[in-house]
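# Descriptive structure summary
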Amino acid sequence: MSRKEVRERLLAGAVSCLQEKGYARTTARDLVAASGTNLASIGYHFGGKDALLNEAIIACFEAWTVRTEQAVFADALGSPRELLERAMAALVDVFADMRPTLMGLVEGYPAALREEALRERLAGGYAQARAAGVGILRRAAAESAVELPVAPEVLVSVVIAIADGLMIQWLLDPESTPDSRQVVDALAAISAVL
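Residues numbered from 1 in each chain as written. Predicted model: local features only at pLDDT ≥ 70, side-chain atom pairs only at ≥ 80, totals over all residues. Heavy atoms only, no water.

Ranked by internal contacts, the top residues of the largest apolar core, which has 44 residues, are Trp 64, Phe 95 and Leu 102. Once you skip the residues sitting within four places of it in the chain, Phe 95 turns out to touch Trp 64, Leu 102, Ala 163, Leu 166, Met 167 and Trp 170. Grouped together as the second largest cluster of nonpolar side chains are 7 residues, Val 72, Leu 77, Ile 136 and Ala 140 included. (Core = buried A, V, L, I, M, F, W, Y, C linked by side-chain atoms within 4.5 Å. Buried < 20%, exposed > 50% of the residue type's maximum accessible area, 1.4 Å probe, protein only. Contact = heavy atoms within 4.5 Å.)

Another aspect to go through is the pattern of salt bridges. Between side chains of opposite charge, pairing is possible as soon as their charged atoms come close. Per the counting criterion, the structure on display carries 9 salt bridges. Residue Lys 21 pairs with Asp 30 through a salt bridge whose shortest N-O separation is 3.3 Å. Counted as one network, the salt bridges with shared partners bring together Arg 81, Glu 85, Arg 181 and Asp 185. (Salt bridge = Lys/Arg side-chain N within 4 Å of Asp/Glu carboxyl O.)

Along the polypeptide, Ile 168 turns up in helix α8 (residues 152-172). Given the relative accessible area of 39%, Ile 168 is considered partly exposed. Taking C-alpha positions, Ile 168 is 10.0 Å from Phe 95, a pair spaced 73 residues apart along the chain. (Helix = DSSP H or I, 4+ residues; strand = E, 2+ residues; numbered from the N terminus.)

With respect to the element layout, Asp 30 can be found in helix α2 (residues 28-35). Judged by relative accessible area, Asp 30 falls into the buried class, the value being 18%.

Counting through the fold element by element, Thr 37 comes out in the loop between α2 and α3 (39-46). Side-chain polar atoms of Thr 37 contact the side chain of Ser 41, separated by 3.3 Å. When residues no more than four places from it in sequence are discounted, the contact partners of Thr 37 are Val 6, Arg 9, Leu 10 and Val 32. (Polar contact = N/O pair within 3.5 Å; in protein donor to acceptor, adjacent residues only side chain to side chain.)

Right, let's talk about the confidence of the model for the protein chain for a bit. Low-pLDDT portions of the prediction should not be read for the details of their coordinates. The predicted model of the protein chain averages 88 in pLDDT, with 100% of residues at 70 or higher. Within the protein chain, no element has a lower average pLDDT than helix α4 (residues 49-72), which sits at 84, and none a higher one than α2, at 95. (pLDDT = per-residue confidence, 0-100.)

This brings us to helix α6 (residues 95-114). Helix length check: α6, at 20 residues, gives a terminal C-alpha distance of 27 Å against a target of 28 Å (1.5 Å per residue), a fit within 8%. If you look at α6, its biggest bend is around 50°, right at Thr 101. The set of residues buried in α6 consists of Phe 95, Met 98, Thr 101, Leu 102, Gly 104, Leu 105, Gly 108, Ala 111 and Ala 112. In this structure, the buried residues of α6 make contact with α1 (3-20), α4, α5 (80-92), α7 (116-144) and α8. (Expected span 1.5 Å × (residues − 1). Bend = angle between axes of the 7 residues up to and from the residue.)

Next up on the list: the environment of Ala 141. By the element assignment, Ala 141 lies in helix α7. Taking the C-alpha atoms as reference points, Ala 141 and Val 154, separated by 13 residues in sequence, lie 15 Å from one another. When neighbours within four sequence positions are excluded, Ala 141 is seen to be in contact with Val 146 and Leu 148.

Next up on the list: α2. Along α2, the positions that sit buried rather than exposed are Asp 30, Leu 31, Val 32 and Ser 35. Where α2 is buried, its residues meet α1, α3 and α4. Once α2 finishes, Gly 36 follows within two positions and takes phi at roughly 70°, a positive value.

Before going further, it helps to spend a moment on a nonpolar patch on the surface. Together, Val 150, Val 154 and Val 158 give the surface a local cluster of nonpolar side chains, amounting to about 230 Å² of exposed area. By the secondary structure assignment, Val 158 is in helix α8. (Patch = residues over 30% accessible without salt bridge, like charges linked within 9 Å, V, L, I, M, F, W, Y side chains within 5 Å. Areas by Shrake-Rupley, 256 points an atom, 1.4 Å probe, with all protein chains shown as cover.)

Right, let's talk about the packing of aromatic side chains for a bit. Counted according to the given criterion, the structure contains 1 aromatic pair. Geometrically, the ring pair formed by Phe 95 and Trp 170 is tilted, given 5.9 Å between the ring centres and 50° between the ring planes. Taken as a pair, Phe 95 in helix α6 and Trp 170 in helix α8 lie far apart in primary sequence, 75 residues in all. Since its relative accessible area comes to 2%, Phe 95 is described here as buried. (Phe/Tyr/Trp six-rings, centres within 6.5 Å; stacked < 30°, edge-to-face > 60°.)

In structure tokens form, the structure reads like this:
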């Protein structure tokens, strides 16, 4: 097995462990079993168990960002509302499909409060998500000849905050969490009042 293959197997095993056991309960032995590698390979490729789990969290974060971008541009752009509906559907209506991944992501947040390397990586993941969102907005605005009412960075940060908040609510109480259509309707209602 090449170095690249070992690294990829370790990362895939770490994602699997995050989904099945969570951040705090995953041991180095779990990572070895899930990846089919050995204990020394964790240190060699990632510097340790925590660094490997941190990379797995970032990989999950990045995969969700790519998935969202692909969903937004899967069809013709349409109106700004249709674009928002597709973005919110890609962020919110996927919670059931992504439950194990979401749990791993959320479990990483408390660890990031005390571990600077993970905090920096998660902040970098959010920066990448914002950059991708800004790119989506700018492309959509240009293709639709629509002028954005506020800075795209602000719009994207608010959409991410809404999605993150709904993710936490959904993990705790899926039945009471609004779906993407309800979110867009609520945002339109708020906009009409303002």
